[in-house]
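# A closer look at the structure
Below are the chains, spelled out letter by letter.
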Amino acid sequence: MDSINLNTSAEQRNVLFGQQQEGYVHLFIPKLNSLVLWHHISNWDDIQSDINAYSQDNNIFIGVHLGKDSKSPRQRNKREDIQSIHCIPIDFDILDATAHKKESLPASATEVLDFLKQTPFYEKIHLNDSGYGLHGYILLDTPLAITDEESRERAEGLSRGVVGYIRNLAKESRGWDFDAVGDLPRLMRPIGSFNHKKGEKKPVGVI
């Protein structure tokens, strides 16, 4: 899996951004002096090419939601820069003493999948293997546009609320402690990239 295939590339675009035609995607590469690469959503082939190229030797992350404008190579999106949300990110680390500090985590991906069947969102979840855990997205039927502070608070409240519900359910039913990832400027590992944690090179792919 040294590069992502075309079908998976199209799937990644559709999951994160749907059919939206306006807005900017940013990629973040921490180890390259916190480099940020900006692309208009219409240039998806260039976005995927950067993911393929830079992730061979580096951890790379993608902004889950579209921004209104392109910024400098040292600036990432902030809360007020997000123009819409098409999905809600979720993240589940798997127990690994050298990869994660937390101990109150599931022992396997199978346990996470069984847990997700308890939630009312199961049929709308797109799930990925992130290398040392699972992450994914709960898909909205249509993008939720952000045009002012009221709509921003509504979008943020929806995202944080759903993530909070899942985290609380996991804590109460399984004793797990997952990270809160419902913020609007959230970054996640793109499918087709590699997780270089622990000095290994694990592919990030669709489940």
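Above this text sits the structure in question.
Residues numbered from 1 in each chain as written. Predicted model: local features only at pLDDT ≥ 70, side-chain atom pairs only at ≥ 80, totals over all residues. Heavy atoms only, no water.

## Topic: the environment of Leu 35
To keep things clear, this is the line we draw: The way it works is that DSSP assigns letters per residue, a run of H or I at least four long becomes a helix, a run of E at least two long becomes a strand, and they are numbered from the N terminus. Whether a residue is buried, partly exposed or exposed follows from its accessible area with a 1.4 Å probe, protein chains only, as a fraction of its type maximum: under 20%, in between, or over 50%, in that order.
As for its placement among the helices and strands, Leu 35 is situated in strand S2 (residues 35-40). Accessibility expressed as a relative area gives 17% for Leu 35, which makes it buried.

## What to know about the packing of aromatic side chains
The description of an aromatic ring pair uses the distance of the two centres, along with the angle that the planes make with each other. The test is simple: Only Phe, Tyr and Trp rings take part, Trp by its six-membered ring, and two of them pair if their centres are within 6.5 Å. Stacked means planes under 30 degrees apart, edge-to-face means over 60, and tilted covers everything else. Comment: the charge-over-ring label is applied if NZ (Lys) or CZ (Arg) is within 6 Å of the ring centre and within 35 degrees of the ring normal.
Overall, the coordinates contain five aromatic pairs when judged by the stated rule. Ring geometry for Phe 92 against Phe 178: centres 4.8 Å apart, planes inclined by 75°, an arrangement best described as edge-to-face. Here Phe 92, found in strand S4 (residues 84-93), pairs with Phe 178, found in the loop between helix H4 (149-174) and strand S7 (187-188); they are 86 residues apart in sequence, far enough to count as distant. Judged by its relative accessible area of 1%, Phe 92 falls in the buried class. Here a set of aromatic residues connected by ring pairs shows up, and it is made of Phe 92, Phe 115, Trp 176 and Phe 178. The ring of Phe 28 has Arg 76 lying over it, and the distance from NZ or CZ to the ring centre is 4.1 Å. A cation over an aromatic ring shows up here: Lys 201 above the ring of Phe 194, its NZ or CZ 4.7 Å from the ring centre.

## What to know about the layout of surface pockets
Where empty space is left can be seen by rolling a probe of water-molecule size over the atoms. Rule in force here: As defined here, a cavity is a set of points on a 1 Å grid over the protein atoms alone where a 1.4 Å probe fits but cannot get out. A pocket is an open set with protein on both sides within 12 Å along at least five of seven lines, and residues line them when an atom is within 4 Å of a point. Grid points are joined across faces, edges and corners, and a volume is the space filled by probe spheres set on the points. Side-chain classes are defined by residue name, with Ala, Val, Leu, Ile, Met, Phe, Trp, Tyr, Cys and Pro counting as nonpolar, Asp, Glu, Lys and Arg as charged, and the others, Gly among them, as polar.
By volume, the largest pocket amounts to about 380 Å³. If you trace the largest pocket, you find 16 residues lining it, with Phe 61, Asp 91, Asp 93, Arg 189 and Lys 197 closest to the centre. For the lining of the largest pocket, the secondary-structure elements that each account for two or more residues are S4 and S7. A per-class count over the lining of the largest pocket returns six nonpolar, four polar and six charged.

## A look at the sheet that holds S4
The following threshold applies: At least two bridges found by DSSP between two strands is the condition for calling them paired. Every residue pair with non-hydrogen atoms within 4.5 Å of one another is taken to be in contact. Between N-to-C directions, angles cover 0 to 180 degrees, with each direction set by a line fitted to C-alpha atoms, over the stretch in contact for helices.
Strands sit in the order S4-S6-S5-S10 across an open sheet of four strands; the sheet is antiparallel. A single partner strand is all that each edge strand has here, and the edge strands are S4 and strand S10 (205-206). Inspection of the sheet shows strand S5 (residues 125-129) paired to strand S6 (residues 133-145) by five bridges, in the antiparallel sense. Considered in S6, the bridge of Asp 129 is made with Leu 134. Relative to S4, H4 is tilted by about 25°, and along the sheet it contacts S4 and S6.

## Observations concerning the sheet that holds S2
Overall, antiparallel pairing links the four strands, which are arranged S2-S1-S3-S7 in an open sheet. Each end of this open sheet is capped by a strand with a single partner; those strands are S2 and S7. Pairing analysis gives six bridges linking strand S1 (residues 24-29) to S2, with the strands arranged antiparallel. Counted as the bridge partner of Tyr 24 is His 40 from S2. Relative to the sheet, helix H2 (residues 44-54) contacts S1, S2 and strand S3 (61-63), its axis offset from that of S2 by approximately 155°.

The analysis is restricted to geometry; functional conclusions fall outside its scope.
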